[in-house]
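Here is how the chains run, residue by residue.
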Amino acid sequence: MSMVEEIGSGLDGLAQLRALMGSGRKPGIMVSLDLDFIEVEAGRAVFAGVPGDHAYNPIGMVHGGYAATLLDSACGCAVHSRLQAGQGYTTLELKVAYHRAVTRDSGLLRAEGRVQTLGRRVAFAEAALTDAQGRLYATATSTLLVFEQAGGPSATSG
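Since we're looking at a predicted model, the values are computed, not measured.

Draft legend 1. Local environment of the UniProt feature "domain: Thioesterase" (unreviewed entry) in the protein. Those places that UniProt annotates as "domain: Thioesterase" (unreviewed entry) correspond, in this numbering, to residues 60–137. Taken end to end, residues 60–137 comprises 22% helix and 44% strand; its first and last C-alpha atoms sit 17 Å apart.

Draft legend 2. Main features of the layout of surface pockets. Approximately 500 Å³ is the volume attributed to the largest pocket. Contributing elements (two or more residues each) for the lining of the largest pocket: α1 (3–8), α2 (13–23), α3 (28–33), α4 (64–80) and β3 (87–98). No other element matches the six residues that α4 contributes to the lining of the largest pocket.

Draft legend 3. Highlighting the packing of aromatic side chains. Under the defined criterion, the tally for this structure stands at one aromatic pair. On the basis of an interplanar angle of 5° and a centroid distance of 4.4 Å, the ring pair of Phe37 and Phe47 is categorised as stacked. Placement of Phe37 in strand β1 (residues 35–41) and of Phe47 in strand β2 (residues 44–49) is noted, with a sequence separation of ten residues between them. Each member of the pair, Phe37 as well as Phe47, is classed as buried.

Draft legend 4. Quick look at the nonpolar core. If you look at the biggest cluster of nonpolar residues, it comprises 35 residues, and the most contacted ones within it are Phe37, Phe47, Tyr66, Leu70, Leu71, Val79 and Leu129. Breaking this core down by element, the ones donating at least two residues are α2, α3, β1, β2, α4, β4 (109–118), β5 (122–131) and β6 (136–148). The dominant element in this core, judged by the number of residues it contributes, is α4, at nine residues. Beyond its immediate sequence surroundings of up to four residues, Leu70 is in contact with Leu35, Phe47, Ala48, Gly49, Ala111 and Leu129.

Draft legend 5. Seen up close, α2. Buried residues of α2: Gly13, Leu14, Gln16, Leu17 and Leu20, and no others. Relative to the axis of α2, the buried residues are bounded by an arc of 160° and lie together on one face. Of the surrounding elements, those touching the buried residues of α2 are α1, β1 and α4. Count one or two residues on from α2 and you reach Gly24, which has phi positive near 80°.

Rules of the game
In every chain, residue numbers begin from 1 and rise along the written sequence. Note on the predicted model: pLDDT of at least 70 is required for a residue's local features to be given, and 80 or more for side-chain atom pairs to be given and counted; whole-chain, interface and lining totals, by contrast, use all residues. Hydrogens and water molecules were not included; the side-chain quantities draw on all heavy atoms of the structure. UniProt positions are given in the numbering used here, feature names are shortened, and annotations may be inferred rather than shown by experiment. Numbered from the N terminus, helices here are DSSP runs of H or I no shorter than four residues, and strands are runs of E no shorter than two. Grid spacing is 1 Å over the protein atoms alone, the probe is 1.4 Å, and a cavity is where that probe fits but cannot get out, while a pocket is an open set with protein on both sides within 12 Å along at least five of seven lines and lining residues have an atom within 4 Å of a point. Grid points are joined across faces, edges and corners, and a volume is the space filled by probe spheres set on the points. Centres within 6.5 Å make a pair out of two Phe, Tyr or Trp rings, where for Trp the six-membered ring is used; the pair is then stacked when the planes are under 30 degrees apart, edge-to-face when over 60, and tilted otherwise. To sort residues, take the accessible area from a 1.4 Å probe on protein chains only and compare it with the maximum for the residue type: under 20% means buried, over 50% means exposed, and anything in between is partly exposed. Buried residues of nine kinds, namely Ala, Val, Leu, Ile, Met, Phe, Trp, Tyr and Cys, make up a nonpolar core once their side-chain atoms join them within 4.5 Å. In this analysis, two residues are considered to be in contact whenever any of their non-hydrogen atoms come within 4.5 Å of each other. Picture the helix axis, draw a direction to every C-beta atom, and the arc is the one those directions span.

This is the structure we're talking about:
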């Protein structure tokens, strides 16, 4: 069972995410990268983190995956916030454009994701990663598959 199902089984996506935030629990990826889920509303999600030594690669820069994870999380949870009870999603494609190097001196970074369109099977979202001064570090577009989860209200057994 996923953490979201454990905390918010039977709830719609927005209620699940609010329950997760209210629980104070973090999934492993957020613990590993020291990220925080700070805002959610229908069609919008915000994650934040301060890149430190834990995010550095061998060439002395913050790994591109750090920014990509913030952006992917923001896009995914923006879509999750619009799902009905019994629906799930997964990222099919994430395209990231890096606009500026991320270092430990970048300070608090904030990834804000928004749903662009949400269909029965596919959703499209975008996100931007900025610092406290509003400087743009990276942007992303995401395509996500929306599906009925096993045991959900629309699922059938065979």
